[in-house]
Amino acid sequence: MVSRFATAIIVVAVVTAGAGLSRVGAAAGQDGLWLTGQFLVATEKLRDPRFDHTVIYLIQHDADGAMGLVVNRPIGPMPAAQMLEAFGLDTHGVTGNLHVHYGGPVQPGRGFVLHTADYTEPSTRIVRDGIAMTAERKILSAIARGKGPRQSLFAFGYAGWAPDQLEGEIRDGAWITVSADATLLFDADHARKWERATARLRIRL
């Protein structure tokens, strides 16, 4: 059964379908200077309920700010045909569900797909270490038909920071940063992602 929250997300998707999936800004800076491609992990000091015990994959971090997707807040399965229809895509022969996640509080009606880099579109951004992000709605059609990337995570909304804002929150102890990889990013055991990501800091120390 599709939850009320998931159904509400479909309604939002219908409203924004004409715009397709949202795009993000320019690529991040040089390796070593920025946190692009790493996990941002909420600490116990972070009191914002929107980010409580979240793990965020950073797609962009540069002088213009930061942008990432929460990867451990599943909303639930939604009928694939219903989702494709909401985005104005062909539903012929489509069955099964698409699994939808909460990506963050900014622009909750916009969709983003994190995925392995074995699948690309002209607009696909290769983030780092074989992980990519596509903000093109036809990737949903490919996923629904079993022709998409080997692994993927589809989310509505994103987390965003103004220039120097994230750096200040890290200095205040609200976040830690740890290495990211496809194994943890796409793991279906979302309930343990925060614990496992946090453990990576202890291992590094």
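Residues numbered from 1 in each chain as written. Predicted model: local features only at pLDDT ≥ 70, side-chain atom pairs only at ≥ 80, totals over all residues. Heavy atoms only, no water.

1. So, the layout of surface pockets
In this structure, the largest pocket spans a volume of roughly 250 Å³. If you trace the largest pocket, you find 13 residues lining it, with His99, His101, Ser152, Leu153 and Phe154 closest to the centre. If you list the elements that add at least two residues to the lining of the largest pocket, you get strand E5 (97-102), helix H3 (138-144) and strand E9 (152-161). The greatest single-element share of the lining of the largest pocket, amounting to four residues, is contributed by E5. For the lining of the largest pocket, a count of residues per class yields seven nonpolar, five polar and one charged. (1 Å grid on protein atoms, 1.4 Å probe; cavity = no way out; pocket = protein on both sides within 12 Å on 5 of 7 lines; lining within 4 Å. Points joined across faces, edges and corners; volume = space filled by probe spheres on them. Helix = DSSP H or I, 4+ residues; strand = E, 2+ residues; numbered from the N terminus. Nonpolar A, V, L, I, M, F, W, Y, C, P; charged D, E, K, R; others polar.)

2. Regarding the pairing of strand E3 (residues 65-70)
Of all six residues that make up E3, six are buried, and the element is covered over most of its length. In this sheet, E3 lies alongside strand E2 (residues 55-62) in antiparallel orientation, the contact comprising six bridges. Directly across from Ile56, in E3, lies its bridge partner Val70. Where E2 folds back on E3, the antiparallel hairpin that results is connected by two residues. With three bridges connecting them, E3 and E9 associate as antiparallel partners. Paired with Met67 across the two strands is Gly160, which belongs to E9. (Buried < 20%, exposed > 50% of the residue type's maximum accessible area, 1.4 Å probe, protein only. Pairing = 2+ DSSP bridges.)

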